[in-house]
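Below are the chains, spelled out letter by letter.
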Amino acid sequence: MLYILLGTMLLVALLAVAVPLYRQEKRLSVNSAIAVVVVAAISIGTYSRIGSPDIVSPASGDLPSVEDMISSLAERLAKQPNDLPGWKLLGRSYVQLRDFDAAVTAYERAIELEGGQNGQTLADLGEVLLVKDQQTLLGRAGDLFENALAVSPNNQKALFYSGMAALERGDRELAANRWETLLATSPPQNIQQILREQIAELRGEAPPAATPGGGVVTVRVTLGESAITQVQPDSTVFIIARDPAQPSPPIVAVRRRAAELPAYVPIADSDAMIAGRVPSAFPQLEIVARVSLSGEPVARSGDWFGQKIITTAESNEVSVIIDERVP
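Reading guide: rules and limits
- Once a new chain begins, its residue numbering starts again from 1 and follows that chain's sequence as written.
- In view of the model being predicted, local features appear only for residues whose pLDDT reaches at least 70, and side-chain atom pairs are presented and counted only at 80 or more, with totals across whole chains, interfaces and linings using the full set of residues.
- Here the side-chain values reflect all heavy atoms present in the structure, with hydrogen atoms and water set aside.
- A score from 0 to 100, pLDDT tells how confident the predictor is in each residue.
- Residue contacts follow a heavy-atom distance rule, with two residues in contact if any of their heavy atoms lie within 4.5 Å.
- The rule for pairing is simple: two strands pair if DSSP sees at least two bridges between them.
- Starting at the N terminus, helices and strands are each numbered in turn, a helix being any DSSP run of H or I of at least four residues and a strand any DSSP run of E of at least two.
- Among buried residues, the Ala, Val, Leu, Ile, Met, Phe, Trp, Tyr and Cys ones that are joined through side-chain atoms within 4.5 Å form a nonpolar core.
- For each residue, the accessible area found with a 1.4 Å probe, counting protein chains only, is set against the maximum for its type, and the residue is called buried under 20%, exposed over 50%, and partly exposed in between.
- By definition, a salt bridge exists where a carboxyl oxygen of Asp or Glu is found within 4 Å of a side-chain nitrogen of Lys or Arg.

**Re the confidence of the model for the protein chain**
Next, step 1: In this model, the protein chain carries an average pLDDT of 79, and 76% of its residues clear a pLDDT of 70 or more.
Next, step 2: Ignoring residues within four places in sequence, the model shows residues 1–26, a span with pLDDT below 50, making 41 contacts including any to other chains.
Next, step 3: With pLDDT under 50 throughout, residues 38–60 is counted as low confidence; its partners more than four residues away or in other chains account for 32 contacts.

The structure is reproduced here in structure tokens:
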């Protein structure tokens, strides 16, 4: 429950800070991204101190302070230098205290233990370096984001920041490509609209409408008998609409959980991943519903899926049963 609360707070910080800054600046910027990181760190720190009214205050002496707990963790890691989860926790904890130099040291040790093969840790270190010095976006931090994508091509943090780096270098095409890939991972809805507007600007296209609507197809998604016994309730389900003649990139990618099935999922023009490439513009749509065992939008061996092609002029409803497996 604690991690759910913290995750919610991070999302709130993202929407409360990034979206207004974007509207003011009219572009994604390093400043707005760094503001999100700092506010998120402050939010977690505040919660850890005052967010639980039923817990006795650390001032009473019954509980150690956050600083004491982090110091204790650092002392333990000095004696157990191969504790990988501990180093990651220490890095996150130092970010909470805004001690970014110490956070860098902790993440560097974690990366050393992982042999540089964990995309999330690479991206986390890159973000801390960027908070310390914006110039590193075109230096070490930028290199770390690229290394993260080489290991984890769908890492949201690395896709976001590497797009910013490409834009700083003047590579508008690469920036648009990175953010289109990020859209396929279903980031928060408010962020999706910002990304669509930025992609449209980069490609010289008209920005997509921000208002909901433009419904095209309603997809009824169900699990087949074989899949029901194999799929975990918290597994991620992607409902994808794509052009049968050109399946990649998808037109729309919507995320659900297996526990929500069966479900009716609307596919609308407002869900389009790329400005101007909306589902209503296609006479036929291939609808794919896939349970992602990895949680990533790219199909992996063992994933369960179902698919159908619909002619939108003849019907606006389709039923897809997830009953096949990716070889």
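Additional details are given in the paragraphs that follow.
**Quick word on the sheet that holds strand β2 (residues 236–242)**
Next, step 1: With antiparallel pairing, the 5 strands of this open sheet are ordered in space as β3-β2-β5-β6-β8. Either end of the sheet is taken by a strand with one partner, and the two such strands are β3 (252–257) and β8 (324–325).
Next, step 2: Pairing of β2 with β3 involves 6 bridges; the strand directions are antiparallel. For isoleucine 240, the partnering residue across the bridge sits in β3 and is alanine 253.

**Overview of the nonpolar core**
Next, step 1: Grouped together as the largest cluster of nonpolar side chains are 53 residues, with contacts concentrated most on Leu90, Leu125, Val128, Phe145 and Trp179.
Next, step 2: If you look at the next biggest cluster of nonpolar residues, it comprises 28 residues, including Ile239, Ala263, Ile287 and Val320.

**Quick look at the pattern of salt bridges**
Side-chain pairs of opposite charge can arise where the charged atoms are in close proximity.
Next, step 1: Summed over the entire model, instances satisfying the criterion amount to 11 salt bridges.
Next, step 2: A salt bridge links arginine 109 to glutamate 112, with the nearest nitrogen and oxygen atoms 3.1 Å apart. Pair noted here: arginine 109 and glutamate 112 are both in helix α5 (residues 100–114), with a separation of 3 residues, about one helical turn.
Next, step 3: The class of arginine 109 is buried, set by a relative accessible area of 18%.

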